[in-house]
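Remarks on the overall topology
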Amino acid sequence: MIELRGVTLTYPNGTRALDDIDLSIGKADFVFLVGHSGTGKSSLLKLLYRECVPNSGEVTVDNIRVDKLRRGKVAALRRNIGVVFQDFKLLPNKTVWENVAFALQVTGARSKDVMRQVPRALDLVGLSHKSRMLPGELSGGEQQRTAIARALVNNPKILLCDEPTGNLDPSNTTEIIELLQRINLKGTTVLVATHNQAVVDRMRRRVVRLENGRILHDDERGYYFRGLGTSPILSG
Amino acid sequence: MQLTAIGTVAVTIVMLGTFLYVRDTVSSFGTGILKQIEIAVYLGDDVDDARAKSIAAKIAGDARVTGVRYIPRKQGLREMRERLGRDFDTSLLTANPLPNAFRVQVKDADDVPAVAASIARIPGVAKADFAADTVTKLLRAAAVLGRVGLGMIALLVLTAAIIIANTIRLTVFARRREIAIMQLVGATGMYIRMPFIAEGILAGVLGALVAIAVLAVAQYEVIPKIAATLAFLPLHVDVLQLAGQLLLTGAAVGLVASWFSVGRYLRV
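Residues numbered from 1 in each chain as written. Chains lettered and ligands numbered in written order. Predicted model: local features only at pLDDT ≥ 70, side-chain atom pairs only at ≥ 80, totals over all residues. Heavy atoms only, no water.

**Some words on the overall build of chain A**
Scanning chain A from terminus to terminus reveals eight helices and 10 strands. Against the 2.2 N^0.38 benchmark of 18 Å for 236 residues, chain A shows a C-alpha radius of gyration of 18 Å, consistent with a compact globule. Residues counted as buried form 53% of the 236 residues belonging to chain A. Within chain A, contacts between residues separated by at least 24 positions form 66% of all contacts whose residues are at least 6 apart in sequence. Summed over all atoms, the accessible surface of chain A reaches about 10700 Å², with 47% contributed by carbon and sulfur. Here chain A contributes 34 positively and 25 negatively charged side chains, and the mean placements of these two sets differ by 6 Å. (Helix = DSSP H or I, 4+ residues; strand = E, 2+ residues; numbered from the N terminus. Rg over C-alpha atoms; globule rule 2.2 N^0.38 Å. Buried < 20%, exposed > 50% of the residue type's maximum accessible area, 1.4 Å probe, protein only. Contact = heavy atoms within 4.5 Å. Areas by Shrake-Rupley, 256 points an atom, 1.4 Å probe, with all protein chains shown as cover. Lys, Arg positive; Asp, Glu negative; His and termini not counted. Charge placed at Lys NZ, Arg CZ, Asp CG, Glu CD.)

Here is the structure:
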């Protein structure tokens, strides 16, 4: 589903965000991308939804060479990729329903489809009863669930999450991660960039660790820190 | 914000409209004068009627000539008397001093000097005269006016375009969150662009409409007063056509300005 081959990304200011990355993620995989701030997690996600173009290397998403994608084709790519951020990126003057419907409306969906798909997405994230509320009236967890509903309303094959629990307390964090897991079970490929050690260690899913723009290790059923996950303090 | 743009566009287009109006008036005034310019062809004293006819045919044969009028010396004297009235004391004349003559009309005022020169070369023609200075000066003035006009129009249009572009940029900036989300969820560049383009066109059209309203008031309130004072000025500008031109200019400026403004901001 996702393939990176020899990918290098250097920003115009000279910062090398990613350095010779090789990564392969299969269909319906669930992968944690971990590492300190500034190690290239967000940059790697940006390459996938074509917010950035690599200086060298190949980026393939769902058999599409994203690094060679013409500007006019980016919109079509993004309809197949849901993206969720730490700061939710909701429109404060629109209700939950309107925020979710927005993603369909601006891609030219018919109102019949909007009426069918929005309730389904809201039901999936458990916010049907709050569809008329404004983001300001919701908890952080609920706001993130709204953002996830918006990311999923187009039925994308891939869900990219950039620090989805960064602004949330532990109970909301658990709620969001469980939701992501449920979404993954329905067949969506989920890639989560995080530095939340507790979440990663509890889930025991594939962990790709980045450091200074390089992949340090890539473990199936891994821990946030390789070899430390069994520590009773950290895994508790 | 939008009002500022509409207002400035309106002011710009009022200036543009006034300028076009003045230019049209001056140019139709100038064309009127140029149309009246004739070449006076004086024949030699030895030219008889038959030869005069053949010379007339030769002049009329020139494609640039639209009319040749033969004025025998007697008629010439009569016309001169009529024109000058009491200022002309015929009692002082012992004989008719005027030669037989033609009045030649030329289609394009630009050709007057050349046609006059070629007529002067026909044997039997003593002199081919025209208001040389007036014609060349008028032609030069018309050309300069046209060029200055084009320059001014370009400047005015550019001003309006920059103002609309800046307004659209502010609107885009105010809605940047919404735009970022649109881009994220896969809205096409055209879909994101369209509302801003529409807004730009609307600003241009509304500005033009305000300007047309102001100019219409001028047309019915001010122009008749000028016409009464300066009766010789032909104030017959095609107002509907002018309004159409201004409206189109407003819309086009709005379209182009907003297109570039949004494009540069969004990189879509």
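**Some thoughts on the interface of chain B and chain A**
Taken residue by residue, the interface counts 13 residues in chain B and 18 residues in chain A. Interface of chain B and chain A: buried area, both sides summed, is about 1300 Å²; carbon and sulfur atoms make up 66% of it. Where chain B packs against chain A, one counts zero salt bridges. Our enumeration of links across chain B and chain A arrives at four residue pairs in polar contact (both at pLDDT 80 or more). Its residues assigned to classes, the side of chain B that touches chain A shows seven nonpolar, three polar and three charged. (Buried area = accessible area lost by both parts, 1.4 Å probe. Salt bridge = Lys/Arg side-chain N within 4 Å of Asp/Glu carboxyl O. Polar contact = N/O pair within 3.5 Å; in protein donor to acceptor, adjacent residues only side chain to side chain. Nonpolar A, V, L, I, M, F, W, Y, C, P; charged D, E, K, R; others polar.)

**Side note on empty space enclosed by the protein**
Tallied over the full model, the rule gives three cavities of 30 Å³ or more. In this structure, the largest cavity spans a volume of roughly 100 Å³. A per-class count over the lining of the largest cavity returns seven nonpolar, two polar and three charged. (1 Å grid on protein atoms, 1.4 Å probe; cavity = no way out; pocket = protein on both sides within 12 Å on 5 of 7 lines; lining within 4 Å. Points joined across faces, edges and corners; volume = space filled by probe spheres on them.)

**Description of the confidence of the model for chain A**
Residue and element names in this part refer to chain A. For chain A, mean pLDDT is 90; residues scoring 70 or higher make up 96% of the total. No element of chain A has a lower mean pLDDT than helix H8 (residues 232-235), at 46, and none a higher one than strand E7 (residues 158-162), at 95. Note on residues 230-236: pLDDT under 50 across the span, and six contacts to partners over four residues away in sequence or across chains. (pLDDT = per-residue confidence, 0-100.)

**Brief notes about the sheet that holds strand E1 (residues 38-43) of chain B**
Residues and elements named next belong to chain B. Pairing is antiparallel across the open sheet formed by four strands, whose spatial order is E2-E3-E1-E4. Unpaired on one side and paired on the other, strand E2 (65-71) and strand E4 (125-129) mark the two borders of the sheet. Each adjacent strand pair in this sheet contributes to an overall mean axis angle of 20 degrees, direction not counted. The pairing of E2 with strand E3 (residues 101-106) spans six bridges and is antiparallel. Bridge pairing in E3 links Val 68 to Val 104. (Pairing = 2+ DSSP bridges. Axes fitted to C-alpha atoms, helices over the stretch in contact; angles between N-to-C directions.)

**Focus: the pattern of salt bridges**
Side chains carrying opposite charge are able to pair once their charged atoms draw close together. Residues and elements named next belong to chain A. Inspection of the entire model under this criterion finds 22 salt bridges over all chains. We note a salt bridge from Glu 51 to Arg 78, for which the minimum N-O separation is 3.4 Å. Taken together, the positions of Glu 51 in the loop between helix H1 (41-48) and strand E4 (56-61) and Arg 78 in helix H2 (residues 74-78) put the pair 27 residues apart, joining distant regions of the chain. By relative accessible area, Glu 51 is classed as partly exposed at 45%.

**Focus on the pairing of E4(A)**
Within a regular strand, the side chains alternate between the two sheet faces. Judged from the five bridges that link them, strand E1 (residues 2-10) of chain A and E4(A) form a sheet pairing that is antiparallel. The partner of A:Glu3 across the bridge, within E4(A), is A:Thr60.

**A look at helix H2 (residues 49-60) of chain B**
Residues and elements named next belong to chain B. Between the first and last C-alpha of H2 there are 16 Å, a value that for 12 residues agrees with the 16 Å anticipated at 1.5 Å per step. Within the sequence span of H2, burial applies to Ala 52, Ile 55, Ala 56 and Ile 59. Take H2 and look down its axis: the buried residues cluster within an arc of 105 degrees, on one side only. Away from its buried face by more than 90 degrees, H2 exposes Ala 50, Lys 53, Ala 57 and Lys 58. If you follow the buried residues of H2, they end up packed against E1, E2, E3, helix H4 (112-120) and E4. (Expected span 1.5 Å × (residues − 1). Arc of directions from axis to C-beta.)

**Regarding unusual backbone geometry**
Residue and element names in this part refer to chain A. One non-glycine residue with positive phi stands out, namely Lys 89, at about 50 degrees. Structurally, the position occupied by Lys 89 is in the loop between strand E6 (81-85) and helix H3 (96-105). Positive phi values are uncommon outside glycine, yet Asn 155 reaches one of about 55 degrees. Examined against the element boundaries, Asn 155 turns out to sit in the loop between helix H5 (140-152) and E7. According to the relative accessible area criterion, Asn 155 is partly exposed, its value standing at 49%.

**Concerning H3(A)**
When you tally the buried positions in H3(A), you get seven out of 10 residues, the bulk of the element. Along H3(A), the residues that are buried comprise A:Val96, A:Asn99, A:Val100, A:Ala101, A:Phe102, A:Ala103 and A:Leu104. Where the residues of H3(A) are buried, they touch helix H4 (111-125) and H5 of chain A together with helix H6 (176-185) of chain B.

**Some remarks on the nonpolar core**
A:Phe32, A:Val118, A:Ile148, A:Leu159 and A:Leu180 are the most contacted members of the largest nonpolar core, which has 75 residues in total. Counting residues per element, this core draws most heavily on helix H5 (residues 132-174) of chain B, which supplies eight residues. If near-sequence neighbours (up to four positions away) are discounted, A:Ile148 is found in contact with A:Val84, A:Val125, A:Ile176, A:Leu179, A:Leu180 and A:Ile183. Listed in part, the 33 residues of the second largest apolar core include A:Leu4, A:Val7, A:Leu33 and A:Val83. (Core = buried A, V, L, I, M, F, W, Y, C linked by side-chain atoms within 4.5 Å.)

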